[in-house]
Amino acid sequence: MDKIVIRGGNRLSGTIPISGAKNSALTLIPCALLTEEPLTLRNLPRLADIDGFQHLMTQFGVSASIAGHRPEDFGRVVTFQAPRLTSTVAPYDLVRKMRASILVLGPMLARAGEATVSLPGGCAIGNRPIDLHLKALEAFGAEIELAAGYVRAVAPDGGLPGGDFDFPVVSVGATENALMAAVLANGTSRLFNAAREPEIVDLCNLLVAMGAQIEGIGTSDLTIHGVNRLTGATYKVMPDRIEAGSYACAAAITGGEVTLAGAVARDMSATLHALQAIGVTCEEVAGGVRVAANGPLKAVNLSTAPYPGLATDMQAQLMALLCRAEGTSVLNETIFENRYMHVPELARMGAHIETAGRTAIVHGVERLTGAEVMATDLRASMSLIIAALAAEGESVVRRIYHLDRGYERLEEKLALVGADIERVSDE
Ligand code: EPZ
C-alpha cells in the first residue's frame, strides 16, 4: 500500500487545475444504460471509483473506450455504449467495493424492465440505507423484492407507468436513481423535496441532452415527462466543487494564495462563505476561483446541510482548517451519523477537538506537529493532508487508497503549488 509523506510549513502559491466531479461522473456513467447509442463523457477524472464503475458497467455488456486523453491533461474522454444488455445483475463482489454502484438500479430498470443489485451495505461514515431509492421506484410502479442480500426491481409489462414521490429526507443518490428511472417511464413523474446539488443539475442536463424532458431543474420539485427512447450524447462532466473546496482549505491553512482553475464559485458558495467568515479572501476570477489567506484564521460555527447549505463532504476539511483558528468553533454534522473519524487522527497532530454525537468542538491551537496518521475514509483523509501541510515537521498519511477514490493526482497538484509532498510505496 502507498503512503504520503509531507513536510509541512510551505506556503502554497500558484494555480491548481480542478478535475471533473467524482460525484457527478458516478451518476453520469450509468446513463449509458438508458440508450443503445454511444455516450461520450469528457473531463472524467482518473479515480479509483471511476475505474471501478467502468468495470462494473462492462458486466452488463457495456463497452468503455478511452479516447483522446493526453498525459498532461487531467481527466479523460471515455465513450460508453450498451447496444444490448448481457446481464441485469450487479454482483456483491463489485457493489461492496463501491456503494455508488446502486446507481445502476434506476437506469437498468428503465432500460431492461428489471434489475438485480447487491445491497451496498454501510461504510465508514454511516449505515447508508437505500430505502428512499426503493420507495421512489415503487412510487413509479416498480415491484421491489429484497432477498439474499440483493434488491430486485421489476417493472410491469410495457415499462414503468411513472408516479409521484415526496422525499421525507433529501437524498442525492435516491434523487439520481429516481430521475434515471423516470426519463423512460410511460407517463409523467414528479419528485418533491428532491436533492438540488449541482451534481443533480449535471445529471439533468445530460439527460436532457439525451432527449429527456425534465422541468424544474435546479429546484427541489422536478417533473419528468417519460419518453420512448433516449439518444447518445457527448457531455463534459462539471468541475469538482469538493476537490476545489478541499484545496481552498489547503491554501488557507498554509497562509498561501491559490487559484482553483475551472472551479465554479456558485457551486461552492456555502464553502466560500464559510472560508470568508474564517477570514480567507475568496473571489471569482476568470476561469476559476482565487483563495488567499488574509491574516489570522477566525473560529466560526458551521452546520452541514443539503445543497445549497454547507456540503457534508466539506466538513472534515474545514475542521482541519479550524484547528489553526483563533478561538473555539462548533461544528454540527447533520447528514451522516459517524463522520468524525478524522478527529482522533487530527489529535495525533496536536489538534484539540471534542465530539459528542453529531457535534464537534474545535479549540484552535497555536501549532500542529507532524505525525504518522491513518486515513479512514475519503474526506477524512483529505483533512489529514490539509493539517499535515501546516504542521511542523514530517507527517506520514497511511491507507491513502481512500484518497485515491476522490482526488486525482493529489500529490502532483499540491507539488505544483509548492507543497513538500511525496507518495512512497509502503512495503
Ligand atoms: C452522496 O451520497 C455523495 N456520494 C456523498 O459523497 C455525499 O456525502 C452525499 O451524497 C450527501 O451530499 C455520491 O454522490 C457518490 P444521500 P448519498 O442519499 O447519495 C440518508 C463523498 O465523500 N438516506 O444524500 O449516499 C443517508 O443515510 C461521498 O464524495 C436514507 O436514509 O447520500 C444520509 O443520512 C460521501 N435513505 C442522508 O440520507 C436512503 O435511501 C443523505 O444521504 C438514502 C439516504
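Right, let's walk through the structure included here.

1. Side note on the packing of helix H10 (residues 315–322) against helix H12 (residues 378–390)
Step number 1: Between H10 and H12, the least distance of the axes is 7 Å, while the angle of their chain directions is 20°. The angle between H10 and H12 falls in the class roughly parallel. The element H10 and its partner H12 pack so that their crossing is right-handed. The segment H10 lies against H12, with Ala316, Gln317 and Ala320 engaging Arg379, Ala380, Met382, Ser383, Ile386 and Ala387.
Step number 2: Along the lines of polarity and charge, the residues of the contact of H10 with H12 split into six nonpolar, two polar and one charged.

2. A word on the pattern of salt bridges
Step number 1: Counted by the stated rule, this structure contains 22 salt bridges.
Step number 2: Across the pair Arg423 and Asp2 runs a salt bridge whose closest N-O atoms are separated by 3.1 Å. Taken together, the residues Arg423 in strand S24 (residues 420–425) and Asp2 in strand S1 (residues 2–7) connect sequence positions 421 residues apart.
Step number 3: Given the relative accessible area of 31%, Asp2 is considered partly exposed.
Step number 4: Residues Glu283 and Arg290 are paired through a salt bridge, measuring 2.6 Å at the closest nitrogen-oxygen approach.
Step number 5: Here the residues in one salt-bridge network are Asp2, Asp404, Glu411 and Arg423, joined through shared partners.

3. Thoughts on the sheet that holds strand S13 (residues 221–225)
Step number 1: Here four strands make up an open sheet; going across it, the order is S10-S11-S13-S12 and the pairing mixed. Two strands close off the open sheet at either side, each with one partner strand: strand S10 (164–166) and strand S12 (213–215). For this sheet, the mean angle separating the axes of adjacent strands, direction not counted, is 15°.
Step number 2: When strand S11 (residues 188–192) meets S13, the two strands line up antiparallel, connected through five bridges. Paired with Leu191 across the two strands is Leu222, which belongs to S13.

4. Comments concerning the nonpolar core
Step number 1: The biggest cluster of nonpolar side chains holds 76 residues, and the ones touching the most others in it are Leu34, Leu179 and Leu191.
Step number 2: Beyond its immediate stretch of four places on either side in the chain, Leu191 contacts Phe140, Phe165, Phe167, Thr175, Ala178, Leu179, Ser220, Asp221, Leu222 and Ile224.
Step number 3: Core analysis: the next-biggest nonpolar cluster, separate from the first, contains 74 residues, Leu12, Ala311, Ile385 and Tyr407 among them.

5. Some remarks on the site of the ligand
Step number 1: Close to the ligand lie 23 residues; Asp131, Leu132, Ser171, Asp313 and Ile335 are nearest.
Step number 2: Interatomic distance of 2.9 Å between a side-chain N/O atom of Lys22 and an oxygen atom of the ligand.
Step number 3: Between the ligand and Val172, the relevant distance is 2.8 Å, taken from an oxygen atom to a main-chain nitrogen or oxygen of the residue.
Step number 4: Here the ligand has 830 Å² of accessible area as a free molecule, and 85% of this is covered by the chains.
Step number 5: Those elements that provide at least two residues to the shell around the ligand are helix H1 (22–28), helix H5 (131–139), helix H6 (172–182) and H12.
Step number 6: Taken together, the residues of the shell around the ligand break down into eleven nonpolar, five polar and seven charged.

6. Thoughts on the environment of Val397
Step number 1: Along the chain, the position of Val397 falls in strand S23 (residues 394–398).
Step number 2: Measuring from C-alpha to C-alpha, the distance between Val397 and Val5 comes to 6.5 Å, with 392 residues separating the pair along the chain.
Step number 3: Not counting residues within four places of it along the chain, the set of residues in contact with Val397 comprises Lys3, Ile4, Val373, Ala375, Leu384 and Ile385.

7. Some thoughts on the sheet that holds strand S9 (residues 150–154)
Step number 1: As summarised here, the arrangement of the four strands in space is S6-S7-S9-S8, forming an open sheet in which the pairing is mixed. Edge positions in the open sheet fall to strand S6 (89–90) and strand S8 (143–147), since each of these has one partner strand only.
Step number 2: In terms of strand pairing, S8 meets S9 through five bridges, oriented antiparallel. Note that in S9 the partner of Ala147 across the bridge is Tyr150.

Conventions and cut-offs
Residues numbered from 1 in each chain as written. Predicted model: local features only at pLDDT ≥ 70, side-chain atom pairs only at ≥ 80, totals over all residues. Heavy atoms only, no water. Axes fitted to C-alpha atoms, helices over the stretch in contact; angles between N-to-C directions. Helix = DSSP H or I, 4+ residues; strand = E, 2+ residues; numbered from the N terminus. Parallel < 35°, antiparallel > 145°, perpendicular 65-115°, else oblique. Left-handed = near helix turned anticlockwise from the far one by under 90°. Contact = heavy atoms within 4.5 Å. Nonpolar A, V, L, I, M, F, W, Y, C, P; charged D, E, K, R; others polar. Salt bridge = Lys/Arg side-chain N within 4 Å of Asp/Glu carboxyl O. Buried < 20%, exposed > 50% of the residue type's maximum accessible area, 1.4 Å probe, protein only. Pairing = 2+ DSSP bridges. Core = buried A, V, L, I, M, F, W, Y, C linked by side-chain atoms within 4.5 Å. Near = heavy atom within 4 Å. Polar contact = N/O pair within 3.5 Å; in protein donor to acceptor, adjacent residues only side chain to side chain. Areas by Shrake-Rupley, 256 points an atom, 1.4 Å probe, with all protein chains shown as cover.

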